[in-house]
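Here's the letter readout for the chains.
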Amino acid sequence: MTRPVQTDSFRYMLSLVWPIFIELLLQMLVGNVDQMMVARYSQDAVGAIANANQVLNILLLVFSMMSMATTILVAQSKGAQNHRQLEVIYTLSCVVNLFLSLLVSAAIFLFGDVFFRWMNVPAVFIEPAREYMHIVGGFCFLQALFMTFSAIFRSNQMMRTGMLVSIVVNIANVLGNAVLIHGLGPIPALGVKGAAIATNFSRLAGTAVLIFVFYHHLHGRIRLAHLRPFPTKLLMKLLAVGVPSGGESFSYSISQLVVMTFINSFGPDSVTAKAYCHMISSFAVLYCLAVSQVTQVLVGHEVGARRFDAADRITKRAALSSTMITTVCSLIICTLIQPVLTLFGATPEVKALCQKVMYIEILLQFGRSFNMLYIRALQGAGDIRYPITIGILDNWITVVGLGFVLGRVLGLGLPGVWLAMALDENIRGLIFIFRWRSGKWKTKVLA
């Protein structure tokens, strides 16, 4: 007789974490390769893409809202053994995200330049940034589908599928960049435009693989017939979960957009340094990202089954490991930042600025490790609105308000802004720890 899986054991959690960790690591590695390829073509291209992605990341949050709602509702429905509505959730999520992708594309083409003017983007960056944003944004329906199917697989605890698809996406992206950025044979060097086309090509490949695996290895089916009669109540539940769930991320991204206006006013070196620091420091939080995604799904399953003690054990174990590993990784990255920047061809001025920022990054990553973990745990349990409220208030008071004072008023520049972001992560993390320990999330079950 097969022993039942202990879903609240740390060993089981690690079995789900490592595929996501590998997937995220591949994404980060290829992202760095992208930046190196673009940087070798033009240093200005790095700042241009950084500004374009700042806008794109905000607009693409509408997909992440619905994807997060899908993850939470599917996880809790499976935990409650409510299998009948799973196919309806799958279908509804795809249809809604495709509709939202049309709105996002329209916003990019109609208001993209407005964002650039508001952010005070240096003139040297505007044209390549616009070109990149239009090409990637015009095909954002690919990202909408990719995120929806990824959420479906995560909520079904099929983490290895995401890892394998990530390999396909990253290989396609590197190959596309190698050919299109610098040119090959009869294909001319396209620079930033080539990087954008390669991004779309890789997303197309990844989405195609996800759809294939879905229809061959998952029992659910996506059919428009599931929407007749239209499941209005389920849509309202998805929106009730999705909009608040994405609210914290939306607030954070908007605050980062405002902060980017400060950084742009510091000059091109600060813009380039910000892009490098953000990209390189992302490696420190990889484990936290992976374990927080798994925690959200497992907490959703346990809460749906009304096993609150198991959900608590999962969260506390994940938080401890997340904080320890993330802090050690940030220390290592801070030590190795100079030789890494040399590989990217960074100027001495940018290197000096990045080193100052990376010292502060250690404090930032420490706070982010438990802030991110407890946000995901609360959301998985159905406690949606509290994290949003705290996230919005603290983002604007600490990141924007204090960031302006430290960076602009006191003249600390980029390091001052980074210090404000570090304080924001730590403050929110402490608040969410107390929220979890209060046990109020036990009254927020959705399924």
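Residues numbered from 1 in each chain as written. Predicted model: local features only at pLDDT ≥ 70, side-chain atom pairs only at ≥ 80, totals over all residues. Heavy atoms only, no water.

**Section: the packing of aromatic side chains**
(1) Moving on: One pass over the full model with this rule turns up 9 aromatic pairs.
(2) Moving on: For the ring pair Tyr90 and Phe214, a centre distance of 5.8 Å and an interplane angle of 85° mean the geometry is edge-to-face. Linking Tyr90 in helix H4 (residues 86-118) with Phe214 in helix H8 (residues 192-217), this pair joins segments that are 124 residues apart in sequence.
(3) Moving on: Its relative accessible area of 2% is what places Tyr90 among the buried residues.
(4) Moving on: Here the aromatic rings of Phe139 and Phe141 are separated by 6.3 Å at their centres, their planes lie at 40°, and the arrangement is tilted.
(5) Moving on: Judged by its relative accessible area of 42%, Phe139 is partly exposed.
(6) Moving on: Every member of this aromatic cluster is reached through a ring pair, and the members are Tyr90, Phe149, Phe214 and Tyr215.
(7) Moving on: Over the face of the ring belonging to Tyr386 we find Arg435, whose NZ or CZ atom lies 4.1 Å from the ring centre. (Phe/Tyr/Trp six-rings, centres within 6.5 Å; stacked < 30°, edge-to-face > 60°. Helix = DSSP H or I, 4+ residues; strand = E, 2+ residues; numbered from the N terminus. Buried < 20%, exposed > 50% of the residue type's maximum accessible area, 1.4 Å probe, protein only. Lys NZ or Arg CZ within 6 Å of the ring centre and 35° of its normal.)

**Digging into the side chain of Ser322**
(1) Moving on: Looking at where Ser322 falls in the secondary structure, it is placed in helix H12 (residues 308-343).
(2) Moving on: When sequence neighbours within four positions are dropped, the list of residues in contact with Ser322 reads Tyr287, Cys288, Val291 and Ser369. (Contact = heavy atoms within 4.5 Å.)

**Concerning unusual backbone geometry**
(1) Moving on: A cis amide bond, omega -5°, links Arg228 with the succeeding residue Pro229.
(2) Moving on: Mapping Pro229 onto the fold places it in the loop between H8 and helix H9 (232-266).

**Comments concerning the pattern of salt bridges**
(1) Moving on: Under the counting rule described, the total for this entry stands at 9 salt bridges.
(2) Moving on: Of the charged contacts, one joins Asp113 and Arg130 as a salt bridge, the two residues approaching to 2.9 Å between their closest N and O atoms. Of this pair, Asp113 sits in helix H4 while Arg130 sits in helix H5 (residues 123-138), and the two are 17 residues apart along the sequence.
(3) Moving on: Judged by relative accessible area, Asp113 falls into the partly exposed class, the value being 29%.
(4) Moving on: The salt bridge involving Lys193 is made with Glu131; its shortest N-O contact spans 3.7 Å. With Lys193 in helix H8 and Glu131 in helix H5, this residue pair connects regions lying 62 residues apart in the sequence.
(5) Moving on: For Glu131, a relative accessible area of 29% puts it in the partly exposed group.
(6) Moving on: The network of salt bridges with shared partners includes Arg368, Asp424, Glu425 and Arg428. (Salt bridge = Lys/Arg side-chain N within 4 Å of Asp/Glu carboxyl O.)

**Details of the confidence of the model for the chain**
(1) Moving on: Looking at the chain as a whole, its pLDDT mean stands at 84, while 94% of the residues score no less than 70.
(2) Moving on: Here helix H1 (residues 10-41) stands out as the least confident element of the chain, with mean pLDDT 75; helix H15 (residues 413-438) is the most confident, with 93. (pLDDT = per-residue confidence, 0-100.)

**A short note on the packing of helix H3 (residues 61-79) against H4**
(1) Moving on: It is the contact of H3 with H4, at a shortest axis distance of 9 Å, that shows an interaxial angle of 175°. The orientation of H3 with respect to H4, classified from their angle, is roughly antiparallel. Of the residues in H4, those touching H3 at Val62, Phe63, Met66, Ser67, Thr70, Leu73, Val74, Ser77 and Lys78 are Leu86, Ile89, Tyr90, Ser93, Val96, Asn97, Leu100, Ser101 and Val104.
(2) Moving on: Grouping the amino acids of the contact of H3 with H4 by side-chain chemistry returns 11 nonpolar, 6 polar and 1 charged. (Axes fitted to C-alpha atoms, helices over the stretch in contact; angles between N-to-C directions. Parallel < 35°, antiparallel > 145°, perpendicular 65-115°, else oblique. Nonpolar A, V, L, I, M, F, W, Y, C, P; charged D, E, K, R; others polar.)

**Considering the environment of Cys329**
(1) Moving on: Along the chain, the position of Cys329 falls in helix H12.
(2) Moving on: For Cys329, a relative accessible area of 26% translates into the label partly exposed.
(3) Moving on: Considering only alpha carbons, one finds Cys329 and Met133, 196 residues apart in sequence, at a separation of 32 Å.

**Examining the state of the cysteines**
(1) Moving on: Applying the stated rule across the entire model yields 0 disulfides.
(2) Moving on: Considering cysteine sulfurs only, Cys329 is the nearest to Cys288, which forms no disulfide, with 11 Å between them.
(3) Moving on: No disulfide involves Cys354; its nearest neighbouring cysteine sulfur is the one of Cys277, lying 3.5 Å away.
(4) Moving on: Since its relative accessible area comes to 0%, Cys354 is described here as buried. (Disulfide = S-S within 2.5 Å.)

**Looking at helix H14 (residues 385-409)**
(1) Moving on: Between the first and last C-alpha of H14 there are 34 Å, a value that for 25 residues agrees with the 36 Å anticipated at 1.5 Å per step.
(2) Moving on: At Asn395, H14 shows its maximal bend, which comes to roughly 30°.
(3) Moving on: Taken together, the buried positions of H14 are occupied by Pro387, Ile388, Ile390, Gly391, Asp394, Asn395, Thr398, Val399, Val400, Gly403, Leu406 and Gly407. (Expected span 1.5 Å × (residues − 1). Bend = angle between axes of the 7 residues up to and from the residue.)

**Brief notes about a nonpolar patch on the surface**
(1) Moving on: Taken together, Phe404, Val405, Val409, Leu410 and Leu412 make up a surface patch of nonpolar side chains, about 430 Å² in accessible area.
(2) Moving on: The topology assignment puts Leu410 in the loop between H14 and H15. (Patch = residues over 30% accessible without salt bridge, like charges linked within 9 Å, V, L, I, M, F, W, Y side chains within 5 Å. Areas by Shrake-Rupley, 256 points an atom, 1.4 Å probe, with all protein chains shown as cover.)

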